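Structure assessment
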Amino acid sequence: MAEIRHINAQELKQCAKELRVGDKILLSGYVYTARDAAHKRIAALLDEGGELPFPLEGAVIYYAGPTPAPPGKPIGSCGPTTSGRMDPYAPRFLDAGLAAMIGKGERSQAVRDAVTRNQAVYLCAVGGAGALAARCIKDMQVIAFEDLGCESVKRLYLEDFPLVVCNDAQGGDLFSEGRRAFAAE
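For the structure given in this document, a descriptive report is provided here.

Over the atoms, a rolled probe matching the size of one water molecule traces out where space is still vacant. One number sums up the size of the largest pocket: a volume of about 170 Å³. In this structure, the largest pocket is lined by P70, K73, P74, I75, G76, S77, A131, A134, R135, I137 and K138. Of all elements in the fold, only α5 (130-134) and β6 (137-144) reach the threshold of two or more residues within the lining of the largest pocket. Per-class residue counts for the lining of the largest pocket are 6 nonpolar, 2 polar and 3 charged.

Below, the structure is given as C-alpha cells:
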C-alpha cells in the first residue's frame, strides 16, 4: 500500500515537484474556495489590475460551494465541484502563481499543460462525500463576493483533508493513465 503523505497547504508549491499521479495526501492549512462566478470576478480583477481577494502566488483553490453551517460547526457539506467548469480560468491563475487546485474530474489539455509549465498540481477529492469532507474543515471565513452566497470566496482551514494527485508537475494525468491501464487488461 502506498504511503500517505501529510502536506501543509502553504508548502504545496515546494512539494508539488515531488508529487506523482496517484499519490495520496492529507492536506492541512489554508485553502480558498472559488467556483465559476468567483473565477469570473477574479479574472476581471486581474484584467483591471484590481486587488484580488487573496494572493494567487502559492495559493490552493478548492472548487467547492459549501452549504450553510449547522449549529456548532464551521461549515456544512463541502464536496468538490466539477473542475472542468474552471478550465477557462485555470491556466491564467496557474501562470500567476497558483500552487494547486482541488476538485473532481478530468482537466483540459490547456490546464494540464499549465500545471506542468508552472510545476503545480491538481488534486482530486472524493465526490459525493461532502459531509465527510466537512469534518476536515476546522474554520471558515467568507473573504470576498458575499453576494454570491455559497459561491462566495471562503478561506478554509483544513486538517488532514484526503486527496489524490490527478495531474502532476511532470505531465502525469491519472485519468489518461487509468484508461490506458483498463484498456491493457
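We are not done yet, so read on.
Glancing now at the packing of aromatic side chains. Throughout the structure, instances matching the rule amount to 4 aromatic pairs. Judged by centre distance (5.4 Å) and plane angle (65°), the ring pair of Y62 and F161 falls under edge-to-face. Here Y62, found in strand β3 (residues 60-62), pairs with F161, found in strand β7 (residues 153-167); they are 99 residues apart in sequence, far enough to count as distant. Of the two residues examined, Y62 and F161, each falls in the buried class. Above the ring of Y122, the side-chain terminus of R107 is found at 4.8 Å from the ring centroid. Between R155 and the ring centre of Y30, over which it is positioned, the NZ or CZ distance is 3.6 Å.

This paragraph deals with the pattern of salt bridges. Counted by the stated rule, this structure contains 7 salt bridges. For R5, the salt bridge goes to E18, with nearest N and O atoms at 3.2 Å. Here the residue R5 occupies a position in strand β1 (residues 4-8), and E18 occupies one in the loop between α1 (12-15) and β2 (24-33), the gap between them amounting to 13 residues. Residue R41 is joined to D147 by a salt bridge in which the shortest nitrogen-to-oxygen separation is 2.7 Å. Of the two residues, R41 sits in helix α2 (residues 36-48) while D147 sits in the loop between β6 and β7, which places them 106 residues apart along the sequence.

Okay, the nonpolar core next. Grouped together as the largest cluster of nonpolar side chains are 28 residues, with contacts concentrated most on L12, L27, Y62, I102, L123 and F161. Leave out the neighbours within four places in its chain, and L27 touches I7, N8, A9, L12, I102, L158, E159, D160, F161 and L163. Within the second largest apolar cluster, 27 residues are counted, among which are A38, M86, L98 and C166.

A few words on α2. For α2, with 13 residues, the first-to-last C-alpha span of 19 Å sits near the 18 Å given by 1.5 Å per residue. Looking only at α2, the buried set comprises A38, H39, I42, A43 and L45. End-on, the buried residues of α2 take up no more than an arc of 155°, which puts them together on one face. Turned more than 90 degrees away from the buried face of α2 sit K40, D47 and E48, all of them exposed.

Conventions and cut-offs
Residues numbered from 1 in each chain as written. Predicted model: local features only at pLDDT ≥ 70, side-chain atom pairs only at ≥ 80, totals over all residues. Heavy atoms only, no water. 1 Å grid on protein atoms, 1.4 Å probe; cavity = no way out; pocket = protein on both sides within 12 Å on 5 of 7 lines; lining within 4 Å. Points joined across faces, edges and corners; volume = space filled by probe spheres on them. Helix = DSSP H or I, 4+ residues; strand = E, 2+ residues; numbered from the N terminus. Nonpolar A, V, L, I, M, F, W, Y, C, P; charged D, E, K, R; others polar. Phe/Tyr/Trp six-rings, centres within 6.5 Å; stacked < 30°, edge-to-face > 60°. Buried < 20%, exposed > 50% of the residue type's maximum accessible area, 1.4 Å probe, protein only. Lys NZ or Arg CZ within 6 Å of the ring centre and 35° of its normal. Salt bridge = Lys/Arg side-chain N within 4 Å of Asp/Glu carboxyl O. Core = buried A, V, L, I, M, F, W, Y, C linked by side-chain atoms within 4.5 Å. Contact = heavy atoms within 4.5 Å. Expected span 1.5 Å × (residues − 1). Arc of directions from axis to C-beta.

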